[in-house]
Amino acid sequence: MNTPEIKPAPKVGFVSLGCPKALVDSERIITKLRAEGYELSADYQGADVVVVNTCGFLDSAKQESLDAIGEALNKNGKVIVTGCLGVDEERIRAEHPGVLAVTGPHQYERVVTEIHNVVPPAHDPFQDLVPPEGIRLTPRHYAYLKISEGCNNTCAFCIIPSMRGKLASRPAGDVMREAERLVTAGVRELLVISQDTSAYGLDLKYADSDWNGTALKTRFFNLTKALGSLGVWVRLHYVYPYPHVDEVIPLMADGHVLPYLDIPFQHAAPNVLKAMRRPGTQAKTLARIEGWRALCPDLAIRSSFIVGFPGETEEDFQILLDWLREAKLTRVGCFKYEDVAGAASNALEGHVPQEVKDERFARLMETQKQVSAELLTSRVGREIEVLVDDVDEEGAIARSSWDAPEIDGCVYINGESELSPGDMLNVRIEHADEYDLWGVPVSSRT
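So, here's what we can say about the structure. Computed from a predicted model, the values in this text were never measured in an experiment.

**Some words on the nonpolar core**
Here is step 1 of the chain: Of all hydrophobic cores here, the largest spans 51 residues; its most connected members are L227, L261, W323, L329 and L364.
Here is step 2 of the chain: Top contributing element to this core by residue count: helix α11 (residues 314–327), with six residues.
Here is step 3 of the chain: Leave out the neighbours within four places in its chain, and L261 touches L236, V239, V245, I249, M252, W292, L299, A300, I301 and R302.
Here is step 4 of the chain: Judged by nonpolar contacts, the second largest core, of 28 residues, contains Y144, I384, L419 and L425.

Below you can see the structure in the form of structure tokens.
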């Protein structure tokens with residue numbers, strides 16, 4: 001009897017660009033592919049086809065995506081494009097006519113179908129070929145948890161709604177079941193992400209959703225509280241400062257979820273905020289931050305700002321610097337304004353010269369560096385809990401509750417090379433600089 005020929009599993013190369021939300025899209029596609037028997041290739045040469053998951057938020061990000069597509073075409077030749085830049089198929093094909101297919105953001109099934117057309121699966125799929133939590137691109141001990149797609153805001157500089165659509169929340173029960181699978185698989189930190197996390201559930205009118213036989217409202221506070229019951233770190237990203245955000249601060253003060261809010265303030269000058277179509281006034285925001293800290297003194301606030309927005313005057317920029325000194329945010333990122341094709345801000349008057357943008361960027365970052373150094377110096381002598389991310393011959397690199405992976409600072413534990421990624425322990429902080437902390441263990445790892 002002839003033994004059937006066993007064909008090697010088809011291999012897919014994957015290039016994932018952009019934000020954590022795009023990373024989650026990549027994980028979902030890869031999970032589906034692995035369930036169908038595909039393998040991932042570590043290089044272009046070993047891949048039967050390459051998928052490039054693009055970013056299209058800024059013109060610089062678009063160019064990075066186009067360059068990545070070109071590199072994949074040069075080194076492999078068979079390329080499928082997906083992600084946010086996929087909404088501009090005409091531009092992609094004008095620059096790279098050799099791409100096999102172009103799909104838009106969160107079009108998981110269509111991406112898989114296009115892969116089937118190029119390299120069919122070697123055999124029928126079996127779901128047990130992948131773990132219950134799916135395939136992830138993050139380390140084993142932390143994971144991004146996407147709770148919604150799209151956005152209802154109309155910020156002048158942003159085209160996300162035109163690419164990803166209006167707010168579309170996942171039912172709370174579905175989110176919680178995914179979170180439970182991740183925790184069961186060893187995840188010790190859940191990073192909650194979406195385009196507008198605090199708007200979660202608005203589109204579903206906060207409908208009840210079944211979770212383990214109980215009704216759970218599809219609402220920001222209810223979901224946050226439920227996630228906090230899982231016994232792992234829960235970190236909230238992309239939180240607009242709507243009034244109901246106040247409700248989660250007591251959860252942070254009680255240790256239910258991490259005392260960390262990622263809020264994209266973008267600016268502080270009223271004229272600039274109005275031109276950006278951003279809600280709220282920063283004077284009121286300062287009062288709210290003061291109230292939050294009164295309830296939860298350890299609260300860390302991360303934010304991002306845009307300098308050089310059309311019409312931004314030197315007076316506007318000084319208002320922003322003064323606001324930063326008063327707000328004393330824990331972590332700050334800054335972007336120099338760029339025109340983005342399709343954004344309303346392109347048509348505004350008073351575009352700021354590039355050299356002025358560069359100079360304002362440097363001044364903002366220097367101002368925040370001084371704020372950050374003062375805040376971190378106040379941590380010296382304290383005992384805090386940390387989560388280990390990496391270990392080498394010099395010791396361990398960890399994070400505190402104030403630090404999100406890859407965008408914030410680190411806690412260095414020199415000489416502790418016996419620790420492992422995912423370990424949690426208490427350390428006493430002995431030194432600080434502008435962005436990072438150094439500590440020594442005061443408890444055993446868990």
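This is not the end of the story, as more comes after the structure.
**Considering the sheet that holds strand β19 (residues 424–432)**
Here is step 1 of the chain: An order of β16-β17-β18-β20-β19 is seen for the five strands of this closed barrel, with the pairing classed as mixed. If you compare each strand with its neighbour and ignore which way they point, the axes differ by 50° on average.
Here is step 2 of the chain: By the bridge criterion, five bridges tie β19 to strand β20 (residues 437–441) in an arrangement that is antiparallel. Paired with A432 across the bridge in β20 is L437.

**Here's the deal with the sheet that holds strand β5 (residues 101–102)**
Here is step 1 of the chain: In space, the five strands of this open sheet follow the order β2-β1-β3-β4-β5, with parallel pairing throughout. What marks the edges here is a single partner per strand, and that holds for β2 (39–40) and β5.
Here is step 2 of the chain: Inspection of the sheet shows strand β1 (residues 11–16) paired to β2 by two bridges, in the parallel sense. Paired with K11 across the strands is E39, a residue of β2.
Here is step 3 of the chain: The strands touched by helix α1 (residues 20–35) are β1, β2, β3 (49–54) and β4 (79–83); relative to β1, the strand with the most contacts, the crossing angle is about 175°.

**Some thoughts on the pattern of salt bridges**
Here is step 1 of the chain: A complete count under the given rule lists 28 salt bridges for this structure.
Here is step 2 of the chain: Connected via shared salt-bridge partners are E312, E314, E359, R360 and R363.

**Some points on the state of the cysteines**
Here is step 1 of the chain: Per the counting criterion, the structure on display carries zero disulfides.
Here is step 2 of the chain: This cysteine, C155, is not joined by any disulfide, and C158 carries the nearest cysteine sulfur, 6.1 Å off.

**Digging into the pairing of strand β18 (residues 411–414)**
Here is step 1 of the chain: In β18, alternate side chains face the same way, and those of V411 and I413 are buried while those of Y412 and N414 on the opposite face are not.
Here is step 2 of the chain: Alignment of strand β17 (residues 395–399) against β18, held across four bridges, turns out to be antiparallel. Considered in β18, the bridge of I397 is made with Y412.

**A short note on a negative patch on the surface**
Here is step 1 of the chain: On the surface, D390, D392, E393 and E394 cluster together into a negatively charged patch.
Here is step 2 of the chain: The residue E393 is located in the loop between β16 (383–392) and β17 in this model.
Here is step 3 of the chain: Residue class for E393 comes out exposed when judged on its relative accessible area of 68%.

**Notes on the environment of E394**
Here is step 1 of the chain: Checked against the element boundaries, E394 lands in the loop between β16 and β17.
Here is step 2 of the chain: Looking at E394, the relative accessible area reads 58%, which means it is exposed.
Here is step 3 of the chain: It is 38 Å that separates the C-alpha atoms of E394 and K225, two residues lying 169 residues apart in sequence.
Here is step 4 of the chain: The contact partners of E394, leaving out residues within four places of it in the chain, are N414 and G415.

**A word on the pairing of strand β9 (residues 189–193)**
When a strand is regular, its side chains alternate between the sheet's two faces.
Here is step 1 of the chain: For β9, the buried fraction is high: five of the five residues fall into the buried class.
Here is step 2 of the chain: Alternating residues of β9 divide into E189, L191 and I193 and L190 and V192, and every residue in both groups is buried.
Here is step 3 of the chain: Pairing geometry for strand β6 (residues 142–146) and β9, over five bridges, is parallel. Looking across to β9, one finds that K146 is bridged to I193.

**Concerning the packing of α11 against helix α12 (residues 354–377)**
Packed helices, taken two at a time, are described by the angle their axes make and the gap between the axes.
Here is step 1 of the chain: For the pair α11 and α12, interaxial distance at closest approach is 9 Å and the crossing angle is 15°. By the angle class used here, α11 and α12 are roughly parallel. Considering how the two elements wind past one another, α11 and α12 form a crossing that is right-handed. Every residue of α12 that contacts α11 at E314, F317, Q318, L320, L321, L324 and R325 is listed here: R360, R363, L364, T367, Q368 and V371.
Here is step 2 of the chain: A per-class count over the contact of α11 with α12 returns six nonpolar, three polar and four charged.

Analysis parameters
Residues numbered from 1 in each chain as written. Predicted model: local features only at pLDDT ≥ 70, side-chain atom pairs only at ≥ 80, totals over all residues. Heavy atoms only, no water. Core = buried A, V, L, I, M, F, W, Y, C linked by side-chain atoms within 4.5 Å. Buried < 20%, exposed > 50% of the residue type's maximum accessible area, 1.4 Å probe, protein only. Helix = DSSP H or I, 4+ residues; strand = E, 2+ residues; numbered from the N terminus. Contact = heavy atoms within 4.5 Å. Pairing = 2+ DSSP bridges. Axes fitted to C-alpha atoms, helices over the stretch in contact; angles between N-to-C directions. Salt bridge = Lys/Arg side-chain N within 4 Å of Asp/Glu carboxyl O. Disulfide = S-S within 2.5 Å. Patch = residues over 30% accessible without salt bridge, like charges linked within 9 Å, V, L, I, M, F, W, Y side chains within 5 Å. Areas by Shrake-Rupley, 256 points an atom, 1.4 Å probe, with all protein chains shown as cover. Lys, Arg positive; Asp, Glu negative; His and termini not counted. Charge placed at Lys NZ, Arg CZ, Asp CG, Glu CD. Parallel < 35°, antiparallel > 145°, perpendicular 65-115°, else oblique. Left-handed = near helix turned anticlockwise from the far one by under 90°. Nonpolar A, V, L, I, M, F, W, Y, C, P; charged D, E, K, R; others polar.

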